[in-house]
Amino acid sequence: MIGFMALVAILATALAGQMYSFSCPHCGYKDDVISGGVMVRGMISGACGTCRKLVTITWDWKKDKAPEPYETIWDAGSGRTLKVFKCPQCKGPFVEIEDPKTDLRFCPRCHKSLPKVEMGPIVD
Ligand SMILES: [Zn+2]
Ligand SMILES: [Zn+2]
């Protein structure tokens, strides 16, 4: 019974995942942002300030547990608790993007603000 409930929770989370295609009008940087996860893969995306790009941690729902945040920080600007994970490439910290529409306001590559949301969902 507990196993069944856990499975339902995992499926609900996986299906709630969203994918956005991101493109910067200033420098032309393009990438995909995934929040939540897609199908059997859990995904956490964020913008790494050291790599100057969007990075994603992925794991298999069936085999692995979701990675624990390296750190959590309460942000007075948004009132939310931000989760900090380690960048898979440089091992530096990055903050999870929960909702690309509100959490991605500046280009990770050129650090210019995005004049309008240059993103659209590419997966329902
Ligand atoms: Zn990095
Ligand atoms: Zn840019």
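Keep in mind the model is a prediction, meaning the values are calculated, not measured. The numbers attached to residues start from 1 for each chain and follow its sequence in the written order. Ligands are numbered from 1 and chains lettered from A, in the order in which they are written. In keeping with the model being predicted, local features are shown solely for residues with a pLDDT of at least 70 and side-chain atom pairs are shown and tallied solely at 80 or more, while totals for entire chains, interfaces and linings include all residues.

Visitor: Teacher, can you tell me more about the overall build of the protein here?
Guide: Each helix is a run of DSSP H or I of at least 4 residues and each strand a run of E of at least 2, with the numbering of both proceeding from the N terminus. Each helix and strand in the protein was counted, giving 2 helices and 8 strands. Shown N-terminal to C-terminal, the secondary structure of the protein runs as helices and strands in the order α-β-β-β-β-β-β-β-α-β. Taking all 124 residues of the protein together, the buried fraction comes to 17%. Here, residue contact means that the backbone-derived C-beta atoms of the two residues sit within 7 Å. In the protein, the share of contacts with a sequence separation of at least 24, taken over all contacts with a separation of at least 6, comes to 46%. Remark: C-beta atoms are placed from the backbone, and a residue is labelled buried if 20 or more other C-beta atoms sit within 10 Å of its own, exposed if 12 or fewer do, or partly exposed between those counts.

Visitor: Can you help me understand the pairing of strand β6 (residues 80-86) in this one?
Guide: Two faces belong to every sheet, and in a regular strand the side chains alternate between them. Pairing between strands is defined by DSSP: at least two bridges between them are needed. Bridge count for strand β5 (residues 71-75) against β6 is 5 bridges, and the pairing is antiparallel. Bridge pairing links Ile73 to Leu82 in β6. In textbook terms, the turn of a hairpin is the stretch between consecutive antiparallel strands, and for β5 and β6 this stretch comprises 4 residues, one of which, Gly79, has a positive phi near 75°. Two elements, β6 and strand β7 (residues 93-96), share 3 bridges in a ladder whose sense is antiparallel. For Val84, the partnering residue across the bridge sits in β7 and is Val95. Connecting β6 to the next strand, β7, in antiparallel fashion are 6 residues, including Lys91 with a positive phi near 65°.

Visitor: Whenever I open this one, the pairing of β7 confuses me. Can you help?
Guide: In the sheet, strand β3 (residues 41-48) pairs with β7 via 2 bridges, with the strands oriented antiparallel. Counterpart to Gly46 in the pairing with β7 is Glu96.

Visitor: I would appreciate a short explanation of the confidence of the model for the protein in the present structure.
Guide: Do not read the predicted coordinates in detail wherever pLDDT is low. A score from 0 to 100, pLDDT tells how confident the predictor is in each residue. When pLDDT is averaged along the protein, the result is 81; 73% of the residues meet or exceed 70. Taken as a whole, residues 5-14 scores under 50 in pLDDT and shows 6 contacts with residues more than four places along the chain or in a different chain.

Visitor: Even after reading the chapter, I still don't get the environment of Lys101, so can you show me in this structure?
Guide: In this structure, Lys101 sits in helix α2 (residues 100-103). Each C-alpha atom of the pair Lys101 and Tyr20 lies 9.1 Å from the other, and the pair is 81 residues apart in sequence.

Visitor: Hey, could you run me through the nonpolar core in this one?
Guide: The nonpolar side chains of a soluble globular protein tend to be buried, and buried together. Joined through C-beta atoms within 7 Å, a set of buried Ala, Val, Leu, Ile, Met, Phe, Trp, Tyr and Cys residues constitutes a nonpolar core. Counting 13 residues, the largest nonpolar core has Phe22, Val33, Ala47, Leu54, Phe94 and Leu104 as its most contacted members. Listing elements by their share of this core, those giving two or more residues are β1 (18-23), β2 (30-38), β3 and β4 (53-60). The dominant element in this core, judged by the number of residues it contributes, is β3, at 3 residues.

Visitor: For this particular structure, what's the right way to read the environment of Glu68?
Guide: Mapped onto the fold, Glu68 is located in the loop between β4 and β5. A count of 8 C-beta atoms within 10 Å places Glu68 in the exposed class.

Visitor: Would you take a moment to explain unusual backbone geometry for this structure?
Guide: Glycine aside, residues mostly have negative phi, and peptide bonds are mostly found in the trans state. Despite not being glycine, Arg52 has its phi angle at roughly 55°, a positive value. Along the chain, the position of Arg52 falls in the loop between β3 and β4. A tally of 14 C-beta atoms within 10 Å means that Arg52 is categorised as partly exposed.

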